[in-house]
Amino acid sequence: MNIELKLAEQYQEDFGIDVAERLFNILKARNLHTVFDGADVLPVIIQSFDLSALEYFKTVSTLPTCLLHNFPPMNHQKQWTPQSIKETNAVDIIGPDWRYLNSPLRKSEDYP
């Protein structure tokens, strides 16, 4: 099951709600919060456009994470580079926008 943390940074900034922490608590209550605990019941992948939400999840869980990406990036989406993603160790998979896959920029060093 893919679970997307929608607008995690915006909810945090506008309302003080940490959706990543809330999701983790929900999964933990159902014993689905780690790869080992939930794999046989319901495999889970956490995905988000917000890198900070995935960074949080990697500190509390072993579930795989997927950084979603719009092309071009949305206004609220922080800019990231391949190097900054490697440095965080928070991303297991990158899920690019279909427009990115069809773009000549995908072969550029500016984009992963």
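The coordinates are above.
Parameters and conventions
- Residues numbered from 1 in each chain as written.
- Predicted model: local features only at pLDDT ≥ 70, side-chain atom pairs only at ≥ 80, totals over all residues.
- Heavy atoms only, no water.
- Core = buried A, V, L, I, M, F, W, Y, C linked by side-chain atoms within 4.5 Å.
- Buried < 20%, exposed > 50% of the residue type's maximum accessible area, 1.4 Å probe, protein only.
- Helix = DSSP H or I, 4+ residues; strand = E, 2+ residues; numbered from the N terminus.
- Contact = heavy atoms within 4.5 Å.
- Phe/Tyr/Trp six-rings, centres within 6.5 Å; stacked < 30°, edge-to-face > 60°.
- Axes fitted to C-alpha atoms, helices over the stretch in contact; angles between N-to-C directions.
- Left-handed = near helix turned anticlockwise from the far one by under 90°.
- Nonpolar A, V, L, I, M, F, W, Y, C, P; charged D, E, K, R; others polar.
- Pairing = 2+ DSSP bridges.

A. Fine view of the nonpolar core. In terms of nonpolar packing, the biggest core is built from 20 residues, with L5, L23, L27, I46 and F57 touching the most fellow members. Among the secondary structure elements, those contributing two or more residues to this core are β1 (2–5), α2 (19–29) and α4 (51–60). When residues of this core are assigned to their parent elements, the largest contribution, 5 residues, is made by α2. With residues up to four places along the chain from it excluded, the contact list for F57 reads L5, A20, L23, F24, L27, I46, L63 and T65.

B. Structural detail: the packing of aromatic side chains. Using the criterion set out here, one finds 3 aromatic pairs in the structure. Plain terms: the ring middles of Y11 and F15 are 5.9 Å apart, the flat faces sit at 45° to each other, and that makes the pair tilted. One end of the pair is Y11 and the other is F15, both in helix α1 (residues 8–15) and 4 residues apart, which spans about a single turn. Residues F24 and F57 carry aromatic rings whose centres are separated by 6.1 Å and whose planes lie at 80° to one another, so their mutual orientation is edge-to-face. In this pair, F24 is assigned in helix α2 and F57 in helix α4, connecting sequence segments 33 residues apart. Taken together through their ring pairs, the aromatic side chains of F24, Y56 and F57 make up a single cluster.

C. Region of interest: unusual backbone geometry. The backbone phi angle of L7 is positive, close to 45°, even though this residue is not glycine. Following the sequence through the fold, L7 ends up in the loop between β1 and α1. Classification of L7 by relative accessible area gives partly exposed; the value is 35%. Within the chain, N31 stands out as a residue other than glycine whose phi angle is a positive 60°. If you trace the backbone, N31 turns up in the loop between α2 and α3 (35–38). Owing to a relative accessible area of 40%, N31 belongs among the partly exposed residues under this scheme.

D. Structural context of the packing of α2 against α4. Their axes nearest at 9 Å, the elements α2 and α4 cross at an angle of 35°. Handedness of the crossing formed by α2 with α4: right-handed. Where α2 approaches α4, its residues A20, E21, L23, F24 and L27 are matched on the opposing element by A53, Y56, F57 and V60. Along the lines of polarity and charge, the residues of the contact of α2 with α4 split into 8 nonpolar, no polar and 1 charged.

E. Representation of the pairing of β1 in the model. With burial as the criterion, only one face of β1 is covered, namely that bearing I3 and L5; the residues N2 and E4 on the opposite face remain uncovered. For β1 and strand β2 (residues 45–48), the ladder comprises 4 bridges, and the chain directions are parallel. When the sheet's bridge partners are listed, L5 is paired in β2 with S48.

F. Examining the environment of D18 more closely. Within the secondary structure, D18 sits in the loop between α1 and α2. Here D18 falls in the partly exposed class, since its relative accessible area comes to 26%. Taking the C-alpha atoms as reference, D18 lies 9.9 Å from Y56; in sequence the two are 38 residues apart.

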